[in-house]
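# Secondary and tertiary structure notes
Spelled out from the first residue to the last, the chains are:
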Amino acid sequence: MINKSVLVINCGSSSLKFSVINVLKKKILLSGLSENFENKNAYIKWTFNSQKEKKNFYSKIDHKIILKYLINKILQKTLLYNNIIAVGHRIVHGGEKFTESVIITKKVIEAIKKASIFAPLHNPIQLIGISESIKILPHLKNKQVAVFDTSFHQTIPETSYLYALPIKFYEKYKIRRYGAHGTSHKYVSKMASKILNIPLDKFNCISCHLGNGSSITAIKNGKSIDTSMGLTPLEGLVMGTRCGNIDPAIIFYMFNKLNIKIDKINKILTEKSGMLGLTHITSDFRYLENNYLNDFRIKRAVDIFIHSLSKYIASYSILMENKINAIIFTGGIGENSVLIREKTIEKLKILNIFINHKLNNKIKFGKIGLINTNNSVPILVIPTNEELMIANDTFNIIIKK
Ligand code: ADP
């Protein structure tokens, strides 16, 4: 069993991330990414034994082509093919059905299909990932596991998940808060409770996953009790290209007065807003951080991002009741952006949260560590590892079976 590994597949709307992980040794044997499916810059790149390789396709590709290439070419070439004992699939939306990861059966596939209405860019593609990997790895047909972004948030109480709409929209149509990034919030909160030596069932924290998509979760006694993303990942914090919270009446105004079609409004709110929309330059925080003081539009956009994040942290602090054991930063921005962490924490003095500038400058690029002063609530930077979490869940379910 010691050499046996899990293949983790994460299908994005026009990308595919993958890894092969030896769970018992906690070792990533292979990891890679394929991107730019829609154009001639499509490629797949991977790292195996510290060696980096890349193949360009010079044509449009799709998830089926990449999965075939991954399994038939890369896994064969690296001799990992025979070590794979199970496949873990990241699934964005599990609806209300799944409170934890499950072995994929026909019923599970049906439920994922049903939840596609809430994640139309992800669930259908992830179903292709499942059907293709069953096709290409028929001997692992019953060893495919679905790990849902939504399942960690199924502990959220009604007071947090219900919208104040006529109740039939929940009862009949299941419109409610589902949240996202659950695998990441679960992973970093577990890690933080270990690092701070507090049992998970007594651990209260606020976890900030800040990446291209950003979300924040209030975790009490190890369980998610509120989260910023809603029915879809559009709600909540200001993000790279998504608007986050806005007055819903803006949509009526765009539609009725500006005559913008509903599909276009959707595109504006999800792809053209956030930091990209505010700066008219980019959503890349590396650029934004480097140019914070050079361009007033960038400073303004970053300050709006910080305003939105600090307000959420402050409001979630009241859900902790007696004690916040930690604030956690993760995701590409949370793990690396010294500026965002500094400026956000500076706004939270009233909550007894203070940053140590020296530590804040030091903890980045994959490092784990505390960045607070001695008299502060602990602030932890923890690189997320959704792949490891998916591999762990998959391994545990398959072994227990
Ligand atoms: P995704 O949500 O797609 O998984 P990531 O978690 O990788 O995204 O985060 C991507 C974001 O992290 C981008 O905005 C990127 O600019 C930012 N980022 C990555 N590295 C740095 C860095 N060194 N400093 C500041 N921001 C960074």
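So, how was this worked out
Residues numbered from 1 in each chain as written. Predicted model: local features only at pLDDT ≥ 70, side-chain atom pairs only at ≥ 80, totals over all residues. Heavy atoms only, no water. Helix = DSSP H or I, 4+ residues; strand = E, 2+ residues; numbered from the N terminus. Buried < 20%, exposed > 50% of the residue type's maximum accessible area, 1.4 Å probe, protein only. Contact = heavy atoms within 4.5 Å. Areas by Shrake-Rupley, 256 points an atom, 1.4 Å probe, with all protein chains shown as cover. Lys, Arg positive; Asp, Glu negative; His and termini not counted. Charge placed at Lys NZ, Arg CZ, Asp CG, Glu CD. Pairing = 2+ DSSP bridges. Axes fitted to C-alpha atoms, helices over the stretch in contact; angles between N-to-C directions. Parallel < 35°, antiparallel > 145°, perpendicular 65-115°, else oblique. Left-handed = near helix turned anticlockwise from the far one by under 90°. Nonpolar A, V, L, I, M, F, W, Y, C, P; charged D, E, K, R; others polar. Expected span 1.5 Å × (residues − 1). Salt bridge = Lys/Arg side-chain N within 4 Å of Asp/Glu carboxyl O. Domains from an automatic or database assignment.

## Digging into the overall build of the protein
When helices and strands are tallied, the protein shows 15 helices and 14 strands. Seen through its C-alpha atoms, the protein measures out along the principal axes to roughly 55 × 55 × 45 Å. Taken across its 401 residues, the protein has 51% of its residues classed as buried. The long-range fraction of contacts in the protein, counting pairs at least 24 apart against all pairs at least 6 apart in sequence, stands at 61%. When the accessible surface of the protein is summed, it comes to about 19,800 Å², and 54% of that surface belongs to carbon and sulfur atoms. For the protein, the centre of its 57 positive side-chain charges and the centre of its 28 negative side-chain charges are spaced 5 Å apart.

## Side note on the sheet that holds strand β6 (residues 84-91)
One open sheet accounts for eight strands, arranged β5-β4-β3-β2-β1-β6-β8-β7; its pairing is mixed. Across the chains shown, the open sheet's two edge strands, defined by having one partner strand only, are β5 (51-56) and β7 (102-103). Pairing analysis gives six bridges linking strand β4 (residues 43-48) to β5, with the strands arranged antiparallel. Across the sheet, residue Phe 48 finds its bridge partner in β5, namely Gln 51. Across the sheet, helix α1 (residues 63-77) touches β1 (5-11), β2 (16-22), β3 (27-35), β4, β5 and β6, and the angle it forms with β2 is around 30 degrees.

## Structural notes on the packing of helix α2 (residues 106-115) against helix α3 (residues 123-136)
Two numbers describe how α2 lies on α3: the axes approach to 8 Å, and their chain directions differ by 155 degrees. In this view, α2 runs roughly antiparallel relative to α3, as classed from their interaxial angle. Note on packing geometry: the crossing formed by α2 with α3 is left-handed. Facing Ile 109, Ile 112, Lys 113 and Ala 115 of α2, the residues of α3 in contact are Asn 123, Leu 127 and Ile 130. Each residue belonging to the contact of α2 with α3 can be placed in one class, and the counts come to five nonpolar, one polar and one charged.

## Things to note about the environment of Asp 226
By the element assignment, Asp 226 lies in strand β11 (residues 223-227). Residue classification places Asp 226 among the buried residues on the basis of a relative accessible area of 13%. Sequence-wise, Asp 226 and Ser 160 are 66 residues apart; in three dimensions their C-alpha atoms are separated by 5.8 Å. Not counting chain neighbours up to four residues away, the residues in contact with Asp 226 comprise Ile 156, Ser 160, Arg 177, Ile 216, Thr 217, Ala 218, Tyr 316 and Leu 319.

## Some thoughts on the packing of helix α11 (residues 296-317) against helix α13 (residues 338-346)
Two elements in contact, α11 and α13, have axes whose closest approach is 9 Å; the angle formed by their N-to-C orientations is 55 degrees. Taken as axis vectors, α11 and α13 run oblique relative to one another. Note that α11 runs across α13; the crossing there is right-handed. Residues Val 302, Phe 305, Ile 306, Leu 309, Ser 310 and Ile 313 of α11 pack against Leu 339, Ile 340, Lys 343 and Thr 344 of α13. Looking at the contact of α11 with α13 residue by residue, the classes come out as seven nonpolar, two polar and one charged.

## Focus on helix α6 (residues 182-195)
Along its 14 residues, α6 runs 20 Å from first to last C-alpha, staying within 8% of the 20 Å computed at 1.5 Å per residue. Taken together, the buried residues of α6 touch β8 (144-148), β9 (205-210), β10 (214-220), β12 (326-330), β14 (379-381) and α15 (386-400). Asn 197 occupies a position one or two residues after α6 and carries a positive phi of about 60 degrees.

## Here's the deal with the environment of Pro 233
Following the sequence through the fold, Pro 233 ends up in the loop between β11 and α7 (249-256). Sequence separation between Pro 233 and Lys 400 is 167 residues; the distance between their C-alpha atoms is 33 Å. Here Pro 233 is in contact with Met 239 and Arg 242, once residues within four sequence places are set aside.

## Thoughts on the pattern of salt bridges
Taken as a whole, this structure holds 13 salt bridges when the rule is applied. Its salt-bridge partner being Lys 174, residue Glu 96 comes within 3.5 Å of it at the nearest N-O pair. Of the two residues, Glu 96 is situated in the loop between β6 and β7 and Lys 174 in the loop between α5 (168-171) and α6; the sequence distance between them amounts to 78 residues. One salt bridge in this structure joins Lys 267 and Glu 271, with 3.3 Å as the shortest N-O distance. Of the two residues, Lys 267 and Glu 271 are both situated in helix α8 (residues 262-271); the distance of four residues between them amounts to about one turn of the helix. For Glu 271, a relative accessible area of 38% puts it in the partly exposed group. A single salt-bridge network, built from bridges that share partners, covers Glu 96, Lys 174 and Arg 176.

## Overview of the domain arrangement of the protein
Splitting the protein by domain gives domain 1 (5-148) and domain 2 (197-386). Using only C-alpha atoms to locate each centre, domain 1 and domain 2 end up separated by 28 Å.

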